[in-house]
Amino acid sequence: MIYFQLFWAFFISNILGYGGGPPSIPLIQNEVVDHYKWMSVKEFGEMLAVGNALPSPIATKLAGYVGYQVAGVPGATVALFATVAPTAIAMILLLQFINIFRSAPQVKAMTQSVRPIVTVLLGTMTYQFIMGAVEGIGWMQTIILSVASYLLLETWKVHPAIVIVAAMVYGYIFIG
């Protein structure tokens, strides 16, 4: 019964939490804290704080942690599956729907109109990252790290993980 409860709590939270992440957090809290009482509000808040510090989507981290706390590894597996199942189901259904209308001129026009929007959004995000870096470490350090990263990645084809670690070491040694 506990596995069904875990599945249902995370499936409902993630099917109703449109957009993933932040919209699903209150729904997960309602299920975990208020409905099933698997943890207190304080414990949930601490789990959320630690989860936000780690990479990957927050909903999957919450599912893995809660599932493990409630029912061990099988519980974590069930909760994780329930978290990704709504998206997987939607993707399968939508892909079938798109295949039917793939050659329609409206679909082609829609995909063509999305490209510039995505380009602008990525450009805006890049600008914000650069300005944040300049604010945090200054123009000179930002330029040094940017040029070095570009050369390492594009000219010498160094693996991105090595470039990230090298930038962290540089920051620790030279920036403080």
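Residues numbered from 1 in each chain as written. Predicted model: local features only at pLDDT ≥ 70, side-chain atom pairs only at ≥ 80, totals over all residues. Heavy atoms only, no water.

It is not clear to me how the packing of helix α1 (residues 2-16) against helix α2 (residues 24-35) should be interpreted in this structure. Could you clarify?
Any two packed helices are characterised by the angle at which their axes cross and by the distance between the axes. Between α1 and α2, the shortest axis-to-axis distance is 8 Å and the interhelical angle comes to 155°. Taken together, the axes of α1 and α2 are roughly antiparallel relative to one another. Our pair here, α1 against α2, has a crossing hand that is right-handed. Contacts from Ala9, Phe10, Ser13, Asn14 and Leu16 in α1 reach Ser24, Leu27, Ile28, Glu31 and Val32 in α2. (Axes fitted to C-alpha atoms, helices over the stretch in contact; angles between N-to-C directions. Helix = DSSP H or I, 4+ residues; strand = E, 2+ residues; numbered from the N terminus. Parallel < 35°, antiparallel > 145°, perpendicular 65-115°, else oblique. Left-handed = near helix turned anticlockwise from the far one by under 90°. Contact = heavy atoms within 4.5 Å.)

What exactly am I supposed to notice about the domain arrangement of the protein here?
It is common to give the size of an interface as the accessible area lost on bringing the parts into contact. One can read the domain layout of the protein as domain 1 (1-101) and domain 2 (105-175). Centre-to-centre, using C-alpha coordinates, domain 1 lies 30 Å away from domain 2. (Domains from an automatic or database assignment.)

What exactly am I supposed to notice about the pattern of salt bridges here?
Should their charged atoms come close, side chains of opposite charge can pair. For the structure on display, the rule yields one salt bridge. In this structure, glutamate 46 and lysine 42 form a salt bridge, with 3.8 Å as the shortest nitrogen-oxygen distance. Of the two residues, glutamate 46 and lysine 42 are both situated in helix α3 (residues 41-53); the distance of four residues between them amounts to about one turn of the helix. Look at glutamate 46 and you get partly exposed, because its relative accessible area is 45%. On the basis of relative accessible area, lysine 42 is assigned to the exposed category, the value being 63%. (Salt bridge = Lys/Arg side-chain N within 4 Å of Asp/Glu carboxyl O. Buried < 20%, exposed > 50% of the residue type's maximum accessible area, 1.4 Å probe, protein only.)

What is the right way to read the side chain of lysine 61 from this model?
Along the chain, lysine 61 falls in helix α4 (residues 58-100). Among buried Asp, Glu, Lys and Arg side chains, lysine 61 stands out as unpaired, with glutamate 46 the closest opposite charge at 16 Å. A polar side-chain atom of lysine 61 sits 2.5 Å from the main-chain carbonyl oxygen of leucine 54. If sequence neighbours within four positions are ignored, lysine 61 has contacts with Gly51, Asn52, Leu54, Pro55 and Ser56. (Lys, Arg positive; Asp, Glu negative; His and termini not counted. Polar contact = N/O pair within 3.5 Å; in protein donor to acceptor, adjacent residues only side chain to side chain.)

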